[in-house]
Amino acid sequence: MSPEQDRLAITTLRMLAIDAIEQANSGHPGLPLGAAPMAYVLWRRIMKHNPTDPNWINRDRFILSAGHGSALLYGLLHLSGYDVSLQDVKDFRQWGSKTPGHPEYGHTPGVEATTGPLGQGVAMGVGMAMAERRIAESFNQSDVPPVMDHFTYAIVSDGDLMEGVASEAASLAGHLCLGKLIYLYDDNGITIEGSTDVAFSESVQRRFEAYEWHVQTVENGEDLDAIEAAVRAAQAEEERPSLICVKTQIGHGSPKANTAGVHGSPLKGEAMEGTRQFYNWPEERFHVPAEALETWRAGVESGKQAQASWEAALEAYVVRHPEQGKQFRAQMAGELPEGWKAAMASVEFGGKPALATRSASGATLNALADLLPNLIGGSADLAPSNNTDLKKYPERTLHFGIREHAMGAALNGMALHGGLIPFGGTFLVFADYMRGAMRLSALMDTHVVYVLTHDSIGVGEDGPTHQPVEHAASLRAIPNLTVFRPADAEETRAAWVWAIENPKPSCLLLTRQNLPILEGGASVDAGVARGGYVKADCDGVPALILIATGSEVPLALDAAKQLNASGTATRVVSLPSWELFEQQDAAYQQSVLPSQCRARLGIEMGVSMGWSRWIGDGGSMLAIDRFGASAPGGKIAEEYGFTVENVVAKAKALLG
């Protein structure tokens, strides 16, 4: 490729992006103008990808972590031959378009991750690199070409590298020696408020060297050969992840270059005309010269050839290693082994009459690990407390360190990569530390399971800092996140089965304290899968319904025995997942919570927010709308009114 062809292709990308932003009257032109050369080098000279098959499993992954520069990514996708038309680019940021304001996974072909919340892409890339390594170690054989062998790339920004989640993830990546992780840092020294030195004066290079990364600097972001040489050197570095600091100029070529004014506002009027003059570009908007398109689209054929060569290698692999080949294909397709669900119907809990749901989760998780070779995960330094270690499979037990936010984002990256079912554990109260990643799990619909233990004031002596009261409500507020608060070991097992079978994000809120193991069987599995069910019923029509979740279900059952014995027809409803119960049809919901029974008492060791939908205007709540206290868990429960006597008293008061 001649230098002139390279420059024309890059200018086309730049101008396509700023035309889209101008037409939308919204967007961020600074990054596309400054970072287009490094993006071109990656996409045309380096990356292995096939625009006609964005889901080819051995493709290189690319994340635009600085998702505000999405116009650059949409230009890349269109010009490279993905299913993103010129009209799609013109519809940037408009209702129903393929080109939303920030990249959205599953919405636009070729977008590998939803980005925009800064730092998340940095951490998700770490998860993708972890997934690539795990699958390669599981399947690659010395006698045939590798079936999993790709790099994970990202363009990251000053803002990305200021975020704490990026620091957590970078530290983890260096520790894990993720040599196939390569990030290009758009080092332009400008953020929304002006020069980065108003708040950011550290040496990024030295920081990443301390993280044990391979660090290079390219002094001129317009020097294509220097950028390519740095990437090739990074590819050759097998023991360390790589950061390439590319010195760029934000808004390059515009009159507003190197100022905060070009970061997040469209170029208009004189600024737009000055930019077109700088690049000697015609007035025609969305101009794509045929020669530039030819340069870009040459990657389509090379991508097809790369995939065809890999597919031939995979066929040879399957012939030489038929069982592993079959498993590889099934695993990458997201298929679950035949009979796994039936096998989970009889998980052993040690014959104990009572068990903490965190312990029941651990037993279930280890039973699943025997059946699902693609199950992988760990904890943010709390495995003994979360019960998240896979006892027979240390190679599948991950140690995230005390990095909750990076853990959540890395789990997303692993799920996005494909081929694995990732899980991660911490205390429920520390879900706050990874909420940004959990929200993205829900937004991207990733198959991630969050194991969140120590779920209430039952934590006891650790006190209010470690006793979650508002956290169940806050997680239930996230759309598309399925939250389970199981009542015992059997409900915990059933919740895990649902979480594995349904490729969606979910979280299990689990107890530290022991709970009696209630009856199991098909009714529990069906009830948990529907989010709520009648746990114990009365004779005839109920005069009162006790609705509880988690550790409060046994309390409700004990209170119901007294109420029924005294002549109050009382039903107990276990409601382990509000989200699933809300999805049931009206007939089922009525069968569990008949509208004619207005006397309903909700019982949960957490804030009462949201419970009105279940207890109605005729009901009442036993909840905790304040923080906890430091004392033995049983004593706190007593002081806060979670006793049989108080439940009975509140129920009778409700009935008048």
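What you are looking at is a predicted structure, and each value in this text was computed from that prediction instead of being measured.

Each value, and the rule that gives it
- Residues numbered from 1 in each chain as written.
- Predicted model: local features only at pLDDT ≥ 70, side-chain atom pairs only at ≥ 80, totals over all residues.
- Heavy atoms only, no water.
- Helix = DSSP H or I, 4+ residues; strand = E, 2+ residues; numbered from the N terminus.
- Rg over C-alpha atoms; globule rule 2.2 N^0.38 Å.
- Contact = heavy atoms within 4.5 Å.
- Areas by Shrake-Rupley, 256 points an atom, 1.4 Å probe, with all protein chains shown as cover.
- Lys, Arg positive; Asp, Glu negative; His and termini not counted.
- Charge placed at Lys NZ, Arg CZ, Asp CG, Glu CD.
- Polar contact = N/O pair within 3.5 Å; in protein donor to acceptor, adjacent residues only side chain to side chain.
- Pairing = 2+ DSSP bridges.
- Axes fitted to C-alpha atoms, helices over the stretch in contact; angles between N-to-C directions.
- Expected span 1.5 Å × (residues − 1).
- UniProt positions renumbered as here; feature names shortened; annotations may be inferred.
- Buried < 20%, exposed > 50% of the residue type's maximum accessible area, 1.4 Å probe, protein only.
- 1 Å grid on protein atoms, 1.4 Å probe; cavity = no way out; pocket = protein on both sides within 12 Å on 5 of 7 lines; lining within 4 Å.
- Points joined across faces, edges and corners; volume = space filled by probe spheres on them.
- Domains from an automatic or database assignment.
- Buried area = accessible area lost by both parts, 1.4 Å probe.
- Salt bridge = Lys/Arg side-chain N within 4 Å of Asp/Glu carboxyl O.
- Phe/Tyr/Trp six-rings, centres within 6.5 Å; stacked < 30°, edge-to-face > 60°.
- Lys NZ or Arg CZ within 6 Å of the ring centre and 35° of its normal.
- Core = buried A, V, L, I, M, F, W, Y, C linked by side-chain atoms within 4.5 Å.

Caption draft 1: Expanded view of the overall build of the protein. Regarding its fold elements, the protein presents 26 helices and 20 strands. A compact globule built from 656 residues should have a C-alpha radius of gyration of about 26 Å, and the protein, at 28 Å, falls within 12% of that. Taken along its principal axes, the extent of the C-alpha atoms in the protein is 90 × 60 × 45 Å. Put simply, 75% of the contacts in the protein that link residues at least 6 apart link residues at least 24 apart. Here the protein displays about 24200 Å² of accessible surface, and carbon together with sulfur accounts for 50% of that area. Charged side chains in the protein number 52 positive and 77 negative. The centres of these two groups are separated by 4 Å.

Caption draft 2: Looking closely at the side chain of H49. Residue position: H49 is located in the loop between α2 (30-46) and β1 (61-64). Reaching out from H49, the side chain makes a polar contact with the backbone oxygen of W43 at a distance of 3.4 Å. In terms of polar contacts, H49 uses its side chain to reach the side chain of Y82, at 2.7 Å.

Caption draft 3: A look at the sheet that holds strand β16 (residues 533-536). Pairing within the open sheet is mixed, and its 5 strands lie in the order β16-β18-β17-β19-β20. Sheet topology places β16 and β20 (620-622) at the edges, where each strand pairs with a single neighbour. On average, each strand axis in the sheet is tilted by 30 degrees relative to the strand beside it, whichever way the strands run. Relative to strand β18 (residues 570-574), strand β17 (residues 544-548) runs parallel, the two sharing 5 bridges.

Caption draft 4: Up close: unusual backbone geometry. Even without glycine at this site, N258 takes up a positive phi of about 65 degrees. Assignment of secondary structure puts N258 in the loop between β7 (242-247) and α10 (269-278). One non-glycine residue, N387, adopts positive backbone phi at about 60 degrees. Within the element layout of this structure, N387 appears in the loop between α15 (383-386) and β10 (397-399).

Caption draft 5: Broad picture of helix α7 (residues 164-176). With 13 residues, α7 should cover 18 Å at 1.5 Å per step; its first-to-last C-alpha distance of 19 Å lies within 8% of that length. Structurally, α7 contributes buried residues whose contacts are with α5 (120-139), α6 (158-162), β3 (181-187), α8 (204-210), β10 and α16 (404-417). Within two residues after α7, C177 carries a phi angle of roughly 55 degrees, on the positive side.

Caption draft 6: View of the UniProt feature "active site" (unreviewed entry) in the protein. The positions that UniProt labels "active site" (unreviewed entry) are, in the present scheme, E404. Considering the arrangement of structural elements, one finds E404 in helix α16. In this structure E404 comes out as buried when scored by relative accessible area, which is 6%. Other than its neighbours up to four places away in sequence, E404 contacts E168, A380, T426, F430, Y433 and M434.

Caption draft 7: Spotlight on the layout of surface pockets. The calculated volume of the largest pocket comes to roughly 650 Å³. Those elements that provide at least two residues to the lining of the largest pocket are α12 (322-332), α16 and α19 (489-501). Per element, the largest residue contribution to the lining of the largest pocket is 3 residues, and it comes from α16. Residues lining the lining of the largest pocket come from more than one domain, with at least three contributed by each of domain 1 (3-304) and domain 2 (340-516).

Caption draft 8: The arrangement of the domain arrangement of the protein in detail. Annotation of the protein at the domain level lists domain 1 (3-304), domain 2 (340-516) and domain 3 (527-655). A separation of 33 Å is found between the C-alpha centroids of domain 1 and domain 2. Across the boundary between the two partners, domain 1 contributes 23 residues, which contact 25 residues of domain 2. Between domain 1 and domain 2, a total of about 2000 Å² is buried, with carbon and sulfur atoms accounting for 69% of that surface. If you look at where domain 1 meets domain 2, you find 0 salt bridges.

Caption draft 9: Representation of the packing of aromatic side chains. Tallied over the full model, the rule gives 19 aromatic pairs. Ring centres of F581 and Y588 lie 6.2 Å apart, and the angle between their planes is 65 degrees; this geometry places the pair in the edge-to-face category. Y588 sits in the buried class, given a relative accessible area of 13%. Among the aromatic side chains, those forming a connected cluster through ring pairs are W578, F581, Y588, W611 and W614. Residue placement shows R476 over the ring face of W578; its charged tip is 4.0 Å from the ring centre.

Caption draft 10: The arrangement of the pattern of salt bridges in detail. Within this structure, the stated rule accounts for 33 salt bridges. The residue E552 makes a salt bridge to R485 at a minimum N-O spacing of 2.5 Å. With E552 in helix α21 (residues 552-565) and R485 in the loop between β13 (482-484) and α19, the pair connects residues that are 67 residues apart, well separated along the chain. In this pair, the class of E552 matches that of R485, namely buried. Among the salt bridges present, the one from D537 reaches R571, with a minimum N-O distance of 3.0 Å. Of the two residues, D537 is situated in the loop between β16 and β17 and R571 in strand β18; the sequence distance between them amounts to 34 residues. Salt bridges here are not isolated pairs; linked through shared partners, they connect D6, R45, D225, E228 and R232.

Caption draft 11: Summary view of the nonpolar core. If you look at the biggest cluster of nonpolar residues, it comprises 76 residues, and the most contacted ones within it are W213, F328, L452 and L475. It is α5 that provides the largest number of residues to this core, a total of 11 residues. In contact with F328, not counting residues within four places along its chain, are I57, I135, F139, V147, M148, W310 and L314.

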